[in-house]
Amino acid sequence: MKIDKSIFEFEWDKGNIGKNKKHKVKDQEAEEVFFDSKKVTFKDEVHTTQREKRFRILGKTKKERLLFIVFTKRGKKIRIISARDINKKEVYLYEEKTHTVKI
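Keep in mind it's a predicted model, so treat the numbers as computed, not measured.

1. With respect to the nonpolar core
Working step 1: With 13 residues, the main nonpolar core has Ala30, Phe34, Ile57, Ile69, Phe71, Ile78 and Ile80 as its most contacted residues.
Working step 2: Those elements that provide at least two residues to this core are strand 2 (54–60), strand 3 (66–74) and strand 4 (77–85).
Working step 3: The next biggest cluster of nonpolar side chains, apart from the first, holds nine residues, and it includes Leu58, Ile81, Val91 and Tyr94.

2. Notes on the side chain of Thr72
Working step 1: Tracing the chain through its elements places Thr72 in strand 3.
Working step 2: A distance of 2.6 Å separates a polar side-chain atom of Thr72 from the backbone oxygen of Lys53.
Working step 3: Discounting chain neighbours no more than four positions away, the residues touching Thr72 are Glu52, Lys53, Lys77, Ile78, Arg79 and Ile81.

3. A word on unusual backbone geometry
Working step 1: Phi is positive for Lys24, which is not a glycine, with a value near 60°.
Working step 2: Structurally, Lys24 can be placed in the segment before helix 1 (27–32).
Working step 3: Within the chain, Glu64 stands out as a residue other than glycine whose phi angle is a positive 70°.
Working step 4: Here Glu64 lies in the loop between strand 2 and strand 3.

4. Some points on the confidence of the model for the chain
Working step 1: Of the residues in the chain, 89% reach a pLDDT of 70 or more, and the chain-wide mean stands at 86.
Working step 2: When mean pLDDT is compared element by element in the chain, helix 1 scores highest at 95, while helix 2 (residues 88–98) scores lowest at 85.

5. Some points on helix 2
Working step 1: Within helix 2 the residues assigned to the buried category are Glu90, Val91, Tyr94, Glu95 and Thr98. Viewed end-on, helix 2 has its buried residues packed into an arc of 140°, placing them on one side of the element. Residues of helix 2 that are exposed and point over 90 degrees away from its buried face: Lys88, Lys89, Tyr92 and Lys97.
Working step 2: Lining the buried residues of helix 2 we find strand 1 (40–43), strand 2, strand 3 and strand 4.
Working step 3: A distance of 3.1 Å separates the backbone nitrogen of Lys89 from a side-chain oxygen at the start of helix 2, and that oxygen is part of Asn87.
Working step 4: Just downstream of helix 2 lies His99, where phi reads positive at about 60°.

6. Quick word on the pattern of salt bridges
Working step 1: Scanning the entire structure with this criterion turns up eleven salt bridges.
Working step 2: The partner of Glu11 in a salt bridge is Arg79, with the nearest N and O atoms 3.0 Å apart. Placement of the pair is Glu11 in the segment before helix 1 and Arg79 in strand 4, with a sequence separation of 68 residues.
Working step 3: Given the relative accessible area of 11%, Arg79 is considered buried.
Working step 4: Note that Arg65 and Asp85 form a salt bridge whose closest N and O atoms lie 2.7 Å from each other.

The rules behind these values
Within any chain, residue numbers begin from 1 and follow the written order of that chain's sequence. Residue-level local features of this predicted model are given only where pLDDT is at least 70; pairs of side-chain atoms are given and counted only at 80 or more, and the full residue set underlies all totals for whole chains, interfaces and linings. Based on all heavy atoms of the structure, the side-chain values leave hydrogens and waters out of the count. Within this scheme, the nonpolar core is defined by two criteria: the residues are buried Ala, Val, Leu, Ile, Met, Phe, Trp, Tyr or Cys, and they are joined through side-chain atoms within 4.5 Å. For every residue, the accessible area obtained with a 1.4 Å probe (protein chains only) is divided by the maximum for its type, and the residue is called buried under 20%, exposed over 50%, and partly exposed between those limits. Strands here are runs of E lasting at least two residues and helices are runs of H or I lasting at least four, both read from the DSSP assignment and numbered beginning at the N terminus. Here a polar contact is recorded for every N or O atom pair within 3.5 Å, except that within protein the pair must consist of a potential hydrogen donor and a potential acceptor, and residues adjacent in sequence are included only if both atoms are side-chain atoms. Contacts are assigned to residue pairs with any non-hydrogen atoms lying within 4.5 Å of each other. A score between 0 and 100, pLDDT records how confident the predictor is in each residue. Here the arc refers to the directions that run from the helix axis out to each C-beta atom. The rule for a salt bridge is simple: a side-chain nitrogen of Lys or Arg has to be within 4 Å of a carboxyl oxygen of Asp or Glu.

Right, dumping it as structure tokens:
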């Protein structure tokens, strides 16, 4: 899936703002992943409903932190549902899809 570069407006409200503090991820840091030129994006088939399609993205922040993010698109906005550090399996997936090796 490609992210439409014209969208890049994020929806933050009391339902999701600051929600990822438990994972030590700031809202602005989570947004940075969408600008990673090597990000990996795919559908979240498990949590997608007829009402709302969900997606997952693996990518790096400006400080090279690898994050796993679940999000949805609402009109022309991206709503981040959750963000956390990626696990070992997801690191492998990111490296495989981007042809990079983390040293």
